Amino acid sequence: MDIPWWRDAVVYEIYVRSFADASGDGVGDLTGVRRRLPYLRELGVDAIWLTPFYPSPMADGGYDVADYRGVDPLFGTLDDFESLVTDAHEHGLRVLVDIVPNHSSAEHPWFRAALRGEGRDRYIFRDTTNNWQSTFGGSAWTQVPDGQYYLHLFAPGQPDFNWRNPEVHAEFLDILRFWLDRGVDGFRIDVAMGLYKAEGLPDVSDQSFMSDSPVWGRPEVHGVYRDWRRLLDTYPGERMAVGEVWTDSSEDLARYVRPDELQQSFNFAWLQAPWSPTAFKQVIDDTLATVPFATWVLSNHDVVRHRTRYDADDPGTGLARARAALLTMLALPGSAYLYQGEELGLPEVTDLPDEARQDPVFFQSGGALPGRDGCRVPIPWTVDAPSHGFSPGGVEPWLPQPATFAELSVEKQEGDAESTLEFYRRALACRRDLVKRIPYTLEWLESPEGALFFSRGSLTCAVNCGLGPVRLPEHDEVLLSSGPLRRDLLPPDTAVWLRRDS
Ligand code: GLC
């Protein structure tokens, strides 16, 4: 069997609002992305995933879509999108777009009609509420002037669709076709385990992402992905879909990744694992035993950046651990998803002023939770403020960048062999060279306390999560390390790739 392109792909997530601003309004856009394609090619990723750029009132940064077949003027035009896809393909990069099927914007024509009393059955309207909470805080129900309530598992501006209505199915198949016809290589499916809610909407005692929850992961959802897969397979070029599936078990995750369903699902267990060889080993074993095509991810636009997560446990170690975790992740069988800015070692920006915050999580929690703006601060391309090359001229970006971004900018890191950017470039180039030659399987090697050693054919990866240095496993050549080695010793918070000819 030919290996599909996505099996080992490294996909780079672009949070469009924060990547690069070409128009000069302080907000990233599609032309900004297009101009930075050479940077992405040089970084060495295989594909980009664009977060929603569709017309939206931006109640949740664009995850509230008012028109699924257009481009918000903030981000450009449909022509800009088409030029981006053409250029990305010329640069050898595939393009995934985000599809948001659990809910629309409250400004979507269907919801506007529903408020007028037309076609309410496309959404979930009830005369009374249940005890479900919005993921962002507060009740999941909002009352409309005639007294009914509608369900929104996220912000009030994001009413949930009623997937028991066939019209919703037909509409989404048509939306997928619209973007497939414009050359996209695949979709990232937002809240892929949402969509269906248990009949009768029973009260819950626990609303976490459990496999048997009335709120998430209902079995009917798999029928939707079977239909979508059939559609994807009618197009040439191995079009694919990756699901954002939050769940409590790898068995449940695997239910989405089947020959007649999605090609991939995000494996959040990897991102949730603490800095521990036992935790890492367990996630790797569980994943490889259950999910046919594995994926790995350390950061995205919804979670605290991994450098800062690791630092929180053990101050001062964050960057070293982030680099070591990347090298470990890139050695695993499967596909890896990177989040813009991690190649610069960007930390979470924790001290954004309240007035600057925009995430509904901050507002719906009454300011109790900081929200996700801290991982969405615009990318620093150059040393100079005010925007560090994010916007042209003296324009201030939509979220303020801290002064520390100057030192972390692309300009500062490019050409500096010690920098995180150059480390990512080396790691991705080395992986690209190796990946076709090593088996998809992984073998554990005996590891000293605190460390984890494994091999895939001639590649051995060793990561040291312990407190003291450990001796490197047997090898013929050191290919790459995430930090300096001390002769044949692997220091703490460091990972290494070794070649071993057997
Ligand atoms: C997903 C997105 C997140 C968004 C939510 C609601 O989790 O990644 O950013 O807020 O869905 O659409």
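Residues numbered from 1 in each chain as written. Predicted model: local features only at pLDDT ≥ 70, side-chain atom pairs only at ≥ 80, totals over all residues. Heavy atoms only, no water.

Visitor: Looking at this structure, I do not really get the site of the ligand. What am I missing?
Guide: Surveying the vicinity of the ligand reveals 14 residues, the closest of which are Asp-60, Asp-190, Glu-244, His-301 and Asp-302. Taking His-103, its side chain carries an N or O atom lying 2.9 Å from an oxygen atom of the ligand. His-301 has a polar side-chain atom sitting 2.9 Å from an oxygen atom of the ligand. Out of a free accessible area of 310 Å², the ligand has 96% covered by protein chains. By residue class, the composition of the shell around the ligand is 4 nonpolar, 3 polar and 7 charged. (Near = heavy atom within 4 Å. Polar contact = N/O pair within 3.5 Å; in protein donor to acceptor, adjacent residues only side chain to side chain. Areas by Shrake-Rupley, 256 points an atom, 1.4 Å probe, with all protein chains shown as cover. Nonpolar A, V, L, I, M, F, W, Y, C, P; charged D, E, K, R; others polar.)

Visitor: Is there a simple way to think about the packing of aromatic side chains in this case?
Guide: Given two aromatic rings, their pairing is described by the distance between the two centres and the angle made by the two planes. Under the definition given, this model contains 40 aromatic pairs. Judged by centre distance (5.7 Å) and plane angle (85 degrees), the rings of Trp-275 and Phe-280 are edge-to-face. Judged by its relative accessible area of 10%, Trp-275 is buried. Its relative accessible area of 0% is what places Phe-280 among the buried residues. Aromatic rings pair up to connect Tyr-68, Trp-110, Phe-111, Tyr-123, Phe-125, Tyr-150, Phe-161, Trp-163, Phe-172, Tyr-225, Trp-228 and Tyr-256 into one cluster. The ring of Phe-125 carries the charged tip of Arg-120 above its face, separated from the ring centre by 4.5 Å. The ring of Phe-178 carries Arg-182 above its face, with NZ or CZ at 3.8 Å from the centroid. (Phe/Tyr/Trp six-rings, centres within 6.5 Å; stacked < 30°, edge-to-face > 60°. Buried < 20%, exposed > 50% of the residue type's maximum accessible area, 1.4 Å probe, protein only. Lys NZ or Arg CZ within 6 Å of the ring centre and 35° of its normal.)

Visitor: Help me understand the packing of helix H5 (residues 166-181) against helix H6 (residues 221-233) in this model?
Guide: Packed helices, taken two at a time, are described by the angle between their axes plus the distance between the axes. Where H5 contacts H6, the axes come no closer than 11 Å and their chain directions differ by 30 degrees. With respect to H6, the axis of H5 lies roughly parallel. Considering only the axes of H5 and H6, their crossing is right-handed. Where H5 abuts H6, its residues His-169, Phe-172, Leu-173, Leu-176, Arg-177 and Leu-180 lie against Val-224, Asp-227, Trp-228, Leu-231 and Leu-232. For the contact of H5 with H6, the per-class residue count stands at 8 nonpolar, 1 polar and 2 charged. (Axes fitted to C-alpha atoms, helices over the stretch in contact; angles between N-to-C directions. Helix = DSSP H or I, 4+ residues; strand = E, 2+ residues; numbered from the N terminus. Parallel < 35°, antiparallel > 145°, perpendicular 65-115°, else oblique. Left-handed = near helix turned anticlockwise from the far one by under 90°. Contact = heavy atoms within 4.5 Å.)

Function cannot be inferred from these measures alone, as they are strictly geometric.
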